[in-house]
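Residue strings, one per chain:
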Amino acid sequence: MADTETQFFTIEDGPIHLREGGELPSATLAYESWGTLNAEGTNGILLFHALSGSHHACGHNPAIPGTGSMWQPEMHEGWWDNMIGPGKALDTNKYFIVCANYLGGCYGSTGPASINPATGKPWGSAFPHVTTADQAELQAKLLDHLGVGKLHALIGPSVGGLIALTFATRFPERVKNVISIAAGYKTTVLNRLILFEQILAIENDPHFNGGDYYDGGNGGPLYGLALARMISHKTFVHLDAIERRARQDVVQPDDILAWYRVRDQFQSYMLHQGKKFVKRFDANTYLRINDMWSRFDGAHEGDAETPEDLFSRCREADQRWLVFSIDSDFCFYPEEQAELTKLLESAKVNAMHVTVHSDKGHDSFLLEPNFYTPHISWLLGQP
């Protein structure tokens, strides 16, 4: 694909009141788009990225203003290149695709590392909590700015699927089709505990300084963030895949802690993943998005009393849903998508549930386009 340039949309008619009581004087969303919006504004597809992903889903983008060294070479190619483009599942000859970096993000959108105009310093610990409802509200404003009317589709893999659900239920009349990939309706107790472990890892790093570490000169909570990534990585990648990848690794001479020396390729592989991650992500952003995920409850985010109340809006708007499970997923277990589908069907929403058989785990949606393309193309092609 050709080069893609990040665009910026700023909401300046603040203050922006967030769901948990915080507010921002203004907010900027970094986004990219592909394809052309039709005259009616009805061929738009809004794509949501995963936890540590970005708005750069397609093409080549060597630099994003304001991200400095955080925009590492591994990020330069779009994370869904194999799904977006002429003739692909998200056909740019037919559709106008938009993907935005989340509020609280670190790839161009307003986040904890952004400057707080009241102090002239990074927001840090003062940056408020964000929810999927906040993300949906701001991205709806982005669509207004771009002239997008009723969306042809929402697509959300992983954490993006939680925001897609919230958008579809808060703005049901703006959505025709919803594609939820390896996500769920409500964060499980297991995931909340795994996310809490990651939060503790970061907060207990001696360089975290309560979140105000940007001017500390020590790089911030690098070990805490690396540990958090190691905790999460084993849920994103199937353990068999970790074993295959780790066999190719060599234990590095600097893989040594206080007294413990890393002695096998598996430990070395995980430590490498943690070290690599801290070069491209901000710890405060990681905390905000993890917190958003940990507290996710579809009905609560949609201001509904019950799941049936929530999804009745989708039925009344005549939405169609395509829900993907990955049978080897250790992050969002297939039971979660089965529960989501059952709730949709109970509300008499037109829903299809597809299970992908893969040995790649949660990351299958990034690695195996052929498993998803036929179903997505079919749904998008329906009148």
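Conventions we followed
- Residues numbered from 1 in each chain as written.
- Predicted model: local features only at pLDDT ≥ 70, side-chain atom pairs only at ≥ 80, totals over all residues.
- Heavy atoms only, no water.
- Disulfide = S-S within 2.5 Å.
- Axes fitted to C-alpha atoms, helices over the stretch in contact; angles between N-to-C directions.
- Helix = DSSP H or I, 4+ residues; strand = E, 2+ residues; numbered from the N terminus.
- Parallel < 35°, antiparallel > 145°, perpendicular 65-115°, else oblique.
- Left-handed = near helix turned anticlockwise from the far one by under 90°.
- Contact = heavy atoms within 4.5 Å.
- Nonpolar A, V, L, I, M, F, W, Y, C, P; charged D, E, K, R; others polar.
- UniProt positions renumbered as here; feature names shortened; annotations may be inferred.
- Buried < 20%, exposed > 50% of the residue type's maximum accessible area, 1.4 Å probe, protein only.
- Polar contact = N/O pair within 3.5 Å; in protein donor to acceptor, adjacent residues only side chain to side chain.

A.B. asks: Tell me about the state of the cysteines, and name the residues and values.
C.D. replies: Every disulfide links exactly two cysteines, by a covalent bond between their sulfur atoms. Considering all chains together, one arrives at zero disulfides under this definition. Not engaged in a disulfide, the cysteine Cys-58 finds its nearest cysteine sulfur in Cys-99; these two sulfurs lie 11 Å apart. Not part of a disulfide, Cys-331 finds its nearest cysteine sulfur in Cys-99, a span of 18 Å.

A.B. asks: Kindly report on the packing of helix H3 (residues 189-203) against helix H7 (residues 283-294), identifying the contributing residues and their values.
C.D. replies: Geometry of a packed helix pair, given as the angle between the helix axes and the separation of the axes. Relative orientation of the contacting elements H3 and H7 amounts to 160 degrees, with a least axis distance of 10 Å. It follows from the interaxial angle that H3 and H7 lie roughly antiparallel. The hand of the H3/H7 crossing is left-handed. Residues Asn-191, Arg-192, Leu-195, Gln-198, Ile-199 and Ile-202 of H3 lie in contact with H7, whose contacting residues are Ala-283, Tyr-286, Leu-287, Asn-290, Trp-293 and Ser-294. Split by residue class, the contact of H3 with H7 holds seven nonpolar, four polar and one charged.

A.B. asks: Explain the UniProt feature "active site" (unreviewed entry) in the protein residue by residue, including any values.
C.D. replies: UniProt annotation of "active site" (unreviewed entry) refers to Ser-158, Asp-329 and His-362 when read in the numbering used here. A compact arrangement is adopted by the annotated residues: their sequence extent is 205 residues, whereas the largest C-alpha distance between any two is 10.6 Å. Within the secondary structure, Ser-158 is located in the loop between strand S9 (151-157) and helix H2 (159-170). We classify Ser-158 as buried; its relative accessible area is 2%. Here Ser-158 is in contact with Ala-50, Ile-181, Ala-182, Ala-183, Phe-332, His-362 and Phe-365, once residues within four sequence places are set aside. Taking relative accessible area as the criterion, His-362 reaches 2% and is therefore assigned buried. Setting aside its immediate chain neighbours within four residues, His-362 contacts Ser-158, Ala-182, Thr-235, Phe-236, Ile-326, Asp-329, Cys-331 and Phe-332. Within polar-contact distance, the side chain of His-362 engages the side chain of Ser-158 at 2.8 Å.

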